Structures are given as structure tokens and as C-alpha cells.
Amino acid sequence: MRDMFRFAAAAVILGAGLSMTAHAEELVVGSFGGSFADNVKACHVAAFEKATGATVLLKLGNSSQFAAAIRATGGKSDMDIVYIDNSLAAQIQGEKLNETIDRNKLKNAGDVIASAWGKEDGYVVAMVSATVLVYNPKLVKTPPTSWLDLADPAYAGKYAIGDISGTSGWQYLLALNKLKGGSLDNVDPGIEAIKPIAKGSAVLYTQADQLLSLFEREEIAIAPWYPDRAGVAMDKGLSLAVAYPKEGAVGILPAIIIPKGTAKLELAHKFLDQILSAEGQGCFSERAYIGAVNTKVKLSDKLQKIVPYGETLEKAWFIDPEIVAKNTANWTRRWQREVAR
């Protein structure tokens, strides 16, 4: 009789467990790949899954790919929440393909700097980074000081730049354009300046971590890249260093949007709350070498030397996302027609 009772109790527990598993909600999150995704899992996904019992499926890509996917689904996105560059977040908002973020559903909204919130709360900036120059100090004895250094014959055949579909690609183009006297409405000088550089590039990379193997094999010595990716790679033993050009780095503000049509709006807000929490922000900053937008986070001395901070943050060029959103299509057409041909 006792054995029958134990069997029945075990069956009830097993059945309950299977029921919970069967009904566990799944949140689809668009995330950048490589070390970024690893840190999303460690700092955002783990705590969220523990707190909610839901599971997270990461869909990897870059900002342009996510924007294209959201447009293709026409307000019925297969993603519930997305990490994306703020300029493309502004585009998506302008096309009314995003949900409005409800700050009342976020416990941590009050701790986030006011400038992080997008127009009409269509998105929120989640972290602060930049496009800078990253180099191998074993191969580059004199640290680079300018965006123009990439055209130095000393680096011939030993550098790589990003394709315009990635953030570093269009940001490097605009940095050159600014130095050559262009404006955000006239990129002719930048296009002309970048043509020979693109032709000599080892690759026009579309995913940030494509550069890791090139740096590891010493096929390249320098590239416009991201301090967060460089910092993570340095921790793993790769010979790299970060240089902030004297003209100023180009600031990056990775944002979060909730695509229109998600059936998991409540769950998406809970995940966003974890992203914006002091715990989530502090963990991500220290692991990913990236600045925080939660005012309760204090950066370590080690982090301050790599991320935009102090003077390097003050000199950084943060381009109006609305202007970028308005011009991206034209810049991309010109790149494809004149640079990448």
C-alpha cells in the first residue's frame, strides 16, 4: 500500500513537472552574436529565466538584418524583443513597427538616464559603446592616433573595415567624411576617401566577431572595431589594444525595441526590466566592456580605460539617430554602387 502511495505521489509530481514544461513560455530575443550573445545569456537571460520560469531563444544577427526581418513580417514579428542600433530603432519607430515601451511596467525605469529613452518611448538605449581603432601591439609599434591612419602604406594588406550593413562600417565612413569636409547630407568626400581603403581591406566584415580569427592569425594588424569585443578578446589572451582617435570615436548606443505584433508583450517588458536593472547592467558592463545607462552602476578602473569614459566619452561623436535613419538607405545604395562593386 505504501509503495502504491509513493508511486501515485511520484506520478503526480512528474505530471506537474511535465505540465509546467509544456506550458513554459518562450521569448524570442534578437541579439548580436559572438561574445555579445554570451554576455546576454550570462547577464540577462539567466536571471530572467530564473525569475519567470520562461525560456529564451536567441536569434542572432546584426542591426540591419533585424530591421529587415521586422519589416518583412509587417507588424507580425517572430521576435519579441530586439537589441539594435539606436539609428535603426528610430527607423523602425518611424515606420510604426514597434510597440511603445510602458515605463510603468519597469521597476528599474527610474534609475535609467533620461537621455536613454527614445522618442515617445519607442525604444530605450541599453548601453554605451563606440567604434574605435583596435590594433595588435605586436605588429603595430606606434599606436594609431587618427582615423586617417588606416590609409598609411605601413598597414597595406594588414587591415579590415566593416561593410556598411554593420555599425562600424557606416560609422567609419562618416568619420572619414567628416575629416574630409563632408556633412551628413553630403558624403561625397567620404565615399571618395573610402574607395581605395575598401579595395585594400582584407575583408568587408558584416559580423563583428569575423575579425577574431583574422587578428588571431595575424592576417590583420588594425581595424575599426568595438572596445567591448576587443576587451573580451584581450581577456582571452589575444594581443590587442584600443586606440581612441584624436578626432573622437563615433559613439554607439545599442538600444532595445519591442517589435509590433509580439504576443509576449508582458514577458518582453520583464526581460527589458532585467536588461535595465543595476544587476543586469553592471554584469554586462564588466563582462562586455561597455558603458551602462543605469545610474546605480559604478564602472571599475579596468573598465574605464577601455570603454568611452571621461575625456574619450566627451569627445565621442554621437550622431543624431533620426538623421542616420533618414540617410541610411541612400548611403547604402552609394556604398553598394561605388564602394563594394
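In case you missed it, the structure is sitting above this.
Please read all numbers here as calculations on a predicted model, not as lab measurements.

What counts and what doesn't
Residues numbered from 1 in each chain as written. Predicted model: local features only at pLDDT ≥ 70, side-chain atom pairs only at ≥ 80, totals over all residues. Heavy atoms only, no water. Pairing = 2+ DSSP bridges. Helix = DSSP H or I, 4+ residues; strand = E, 2+ residues; numbered from the N terminus. Contact = heavy atoms within 4.5 Å. Axes fitted to C-alpha atoms, helices over the stretch in contact; angles between N-to-C directions. Buried < 20%, exposed > 50% of the residue type's maximum accessible area, 1.4 Å probe, protein only. Polar contact = N/O pair within 3.5 Å; in protein donor to acceptor, adjacent residues only side chain to side chain. Disulfide = S-S within 2.5 Å. Phe/Tyr/Trp six-rings, centres within 6.5 Å; stacked < 30°, edge-to-face > 60°. Lys NZ or Arg CZ within 6 Å of the ring centre and 35° of its normal. 1 Å grid on protein atoms, 1.4 Å probe; cavity = no way out; pocket = protein on both sides within 12 Å on 5 of 7 lines; lining within 4 Å. Points joined across faces, edges and corners; volume = space filled by probe spheres on them. Nonpolar A, V, L, I, M, F, W, Y, C, P; charged D, E, K, R; others polar. Core = buried A, V, L, I, M, F, W, Y, C linked by side-chain atoms within 4.5 Å. Parallel < 35°, antiparallel > 145°, perpendicular 65-115°, else oblique.

**Observations concerning the sheet that holds strand β11 (residues 254-257)**
1) Next: Spatially, β2-β1-β3-β11-β4 is the arrangement adopted by the 5 strands of the open sheet, whose pairing is mixed. Here the strands that pair on one side only, and so sit at the sheet edges, are β2 (55-60) and β4 (124-125).
2) Next: As paired strands, β4 and β11 are joined by 2 bridges and run antiparallel to one another. By the bridge assignment for β11, V124 is matched with I256.
3) Next: Set on the sheet, helix α9 (residues 265-276) makes contact with β1 (26-31), β2, β3 (81-85), β4 and β11; between it and β3 the angle comes to about 50°.

**Structural notes on the side chain of S129**
1) Next: Inspection of the secondary structure puts S129 in strand β5 (residues 127-135).
2) Next: Since its relative accessible area comes to 2%, S129 is described here as buried.
3) Next: Here the side chain of S129 touches D228 through a polar contact of 3.5 Å, side chain to side chain.
4) Next: In this structure, S129 is in contact with P227, D228, G251, I252, I290 and P308, ignoring residues within four places of it in sequence.

**Notes on the state of the cysteines**
1) Next: All chains considered together, the criterion is met by 1 disulfide.
2) Next: Across the disulfide, C43 is cross-linked to C283 (sulfur-sulfur distance 2.0 Å). Here the S-S torsion is close to -70°, and the disulfide linking C43 with C283 is therefore left-handed. Of this pair, C43 sits in helix α2 (residues 34-52) while C283 sits in helix α10 (residues 278-288), and the two are 240 residues apart along the sequence.
3) Next: When its relative accessible area of 4% is taken as the criterion, C43 is described as buried.

**Quick notes on the packing of aromatic side chains**
1) Next: Summed over all chains, the structure comprises 7 aromatic pairs.
2) Next: When the centroid spacing of 5.9 Å and the interplanar angle of 55° are considered together, the rings of W147 and Y172 count as tilted. Of this pair, W147 sits in the loop between β5 and β6 (161-162) while Y172 sits in helix α5 (residues 167-179), and the two are 25 residues apart along the sequence.
3) Next: Taking relative accessible area as the criterion, W147 reaches 1% and is therefore assigned buried.
4) Next: The ring of W117 has R103 sitting right over it, with the charged end atom 4.1 Å from the ring centre.
5) Next: The side chain of K178 reaches across the aromatic face of W317, ending 4.2 Å from its centre.

**Quick look at the layout of surface pockets**
A water-sized probe, rolled over the atoms, reveals where empty space remains.
1) Next: Size it by volume and the largest pocket reaches roughly 440 Å³.
2) Next: As for the largest pocket, its lining consists of 26 residues, of which I113, V128, A292, V293 and L313 are closest to the centre.
3) Next: Lining the second largest pocket are 23 residues; nearest its centre among them are F32, T167, A208, Y226 and R229.
4) Next: Listing elements by their share of the lining of the second largest pocket, those giving two or more residues are α2, α5 and α8 (227-235).
5) Next: The class makeup of the residues in the lining of the second largest pocket is 8 nonpolar, 11 polar and 4 charged.

**A short note on the side chain of D163**
1) Next: By the secondary structure assignment, D163 is in the loop between β6 and α5.
2) Next: Among the polar contacts made by the side chain of D163, one reaches the side chain of W335 at a distance of 3.2 Å.
3) Next: Excluding residues within four positions of it along the chain, D163 makes contact with G169, W170, L204, Y205, T206 and W335.

**Some remarks on empty space enclosed by the protein**
1) Next: This structure, assessed with the given rule, holds 1 cavity of 30 Å³ or more.
2) Next: A volume near 30 Å³ is recorded for the largest cavity.
3) Next: Around the largest cavity, the lining residues are A126, M127, Q281, F284, S285, I290, G291 and A292.
4) Next: Elements represented by at least two residues in the lining of the largest cavity include exactly α10 and β12 (291-292).

**Comments concerning the nonpolar core**
1) Next: Ranked by internal contacts, the top residues of the largest apolar core, which has 53 residues, are L27, I81, Y83, V124 and F271.
2) Next: Not counting the four nearest positions on each side in its chain, I81 is found in contact with L27, V28, V29, G30, I256, I257, I258, P259, A268, F271 and L272.
3) Next: Counting residues in hydrophobic clusters, the runner-up holds 32 residues, among them V140, L150, Y155 and Y172.

**Notes on the packing of α9 against α10**
1) Next: In the contact formed by α9 and α10, the axes pass within 4 Å of each other and the chain directions differ by 60°. With respect to each other, α9 and α10 are oriented oblique. Counted together, Q274, I275 and L276 of α9 and A278, E279, G280 and Q281 of α10 form the full contact between these two elements.
2) Next: Its residues assigned to classes, the contact of α9 with α10 comprises 3 nonpolar, 3 polar and 1 charged.

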